[in-house]
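# Summary of the model geometry
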Amino acid sequence: MRRNLVFALLALLLLAPWPVAYAYENGMAGAATMPVEVTAAADFAAPQCNVYGRALGSVTPGDIFYIKANERSIDNLVTLYITNTDELSLCYRYLTLEVGIYVDTGEDQWRRLDEADGLPATFITLRNGLVSFYLPGLAEYKIMIDGGCFYCLTTSGSTGGSLAPEFYLTVE
């Protein structure tokens, strides 16, 4: 009998903190699940390049996405994809693009995030086809292609599609 009482008391002491933790998580759930708004940049702001067959080239910087996470208090896992790597691999020997991540500092000013902010240099290529990184909540961001280089084999792919990479972005 005494053993049962000790066991019941021990179980009660161990399980008592769970309702407190559960209530705390529920209280934060509203701020954590607020929506994040992702907007594609206008065509005129997109990165540009002149592509010729059997030629090296570079990419002119340009905006690709804007992210508004002003009301979300948790870190956001962002993944940027090139969706047409199969088509592009028929035309390019290589395509390497530097991804720039900028945070809005107010007054129409953008500051590039770097290693001091916990974001190392980020590159997306035809080989990897995607990059992922975390962005803190409660801010607005701009995702850019800051530059890049390529070697184009031919400008007439078997698919007849565009030679420009097509981007897709997810935020979790």
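Residues numbered from 1 in each chain as written. Predicted model: local features only at pLDDT ≥ 70, side-chain atom pairs only at ≥ 80, totals over all residues. Heavy atoms only, no water.

## A short note on the sheet that holds strand 10 (residues 167-171)
Sheet strands pair via backbone hydrogen bonds, and the direction of the pair is either parallel or antiparallel. One open sheet holds the three strands; their spatial order is 8-4-10, and the pairing between them is antiparallel. Across the chains shown, the open sheet's two edge strands, defined by having one partner strand only, are strand 8 (130-135) and strand 10. Between one strand axis and the next, the sheet turns through 20 degrees on average, direction left out of account. Sheet topology places strand 4 (residues 76-82) next to strand 10; five bridges connect them, and they run antiparallel. The residue of strand 10 that forms the bridge with Y81 is Y168. (Pairing = 2+ DSSP bridges. Helix = DSSP H or I, 4+ residues; strand = E, 2+ residues; numbered from the N terminus. Axes fitted to C-alpha atoms, helices over the stretch in contact; angles between N-to-C directions.)

## Let's talk about the pattern of salt bridges
Using the criterion set out here, one finds three salt bridges in the structure. Between E98 and R112 there is a salt bridge, with its nearest N and O atoms 3.1 Å apart. Placement of the pair is E98 in strand 5 (residues 92-106) and R112 in strand 6 (residues 109-112), with a sequence separation of 14 residues. For E98, a relative accessible area of 24% puts it in the partly exposed group. R112 gets classed as partly exposed once you look at its relative accessible area, which sits at 29%. (Salt bridge = Lys/Arg side-chain N within 4 Å of Asp/Glu carboxyl O. Buried < 20%, exposed > 50% of the residue type's maximum accessible area, 1.4 Å probe, protein only.)

## Quick word on the nonpolar core
Ranked by internal contacts, the top residues of the largest apolar core, which has 30 residues, are L80, Y92, V99, I101, F133, L135 and I143. Only strand 3 (62-69), strand 4, strand 5, strand 8 and strand 9 (139-152) provide two or more residues apiece to this core. Residues in contact with L80, not counting those within four places in the same chain, are I64, F65, V99, I124, G129, L130, V131, I143, F167, Y168 and L169. (Core = buried A, V, L, I, M, F, W, Y, C linked by side-chain atoms within 4.5 Å. Contact = heavy atoms within 4.5 Å.)

## A closer look at the side chain of T85
Relative to the elements of secondary structure, T85 occurs in helix 3 (residues 85-89). Not counting chain neighbours up to four residues away, the residues in contact with T85 comprise L126 and G129.

## Some thoughts on the packing of aromatic side chains
For the structure on display, the rule yields two aromatic pairs. Pairing Y81 with Y168 gives two aromatic rings, centres 6.0 Å apart and planes at 45 degrees, and the pair type is tilted. Highlighted residues: Y81 in strand 4 and Y168 in strand 10, separated in sequence by 87 residues. With a centroid separation of 5.7 Å and 85 degrees between ring planes, the pair formed by Y92 and F150 is classed as edge-to-face. Within this pair, whereas Y92 is found in strand 5, its partner F150 is found in strand 9, the two being separated by 58 residues in sequence. No difference in accessibility class separates Y92 from F150, as the two residues are buried. Lying across the ring of Y102, K142 places its NZ or CZ 5.6 Å from the centre. (Phe/Tyr/Trp six-rings, centres within 6.5 Å; stacked < 30°, edge-to-face > 60°. Lys NZ or Arg CZ within 6 Å of the ring centre and 35° of its normal.)

Fair warning: the whole summary comes from geometry, so function is off the table for now.
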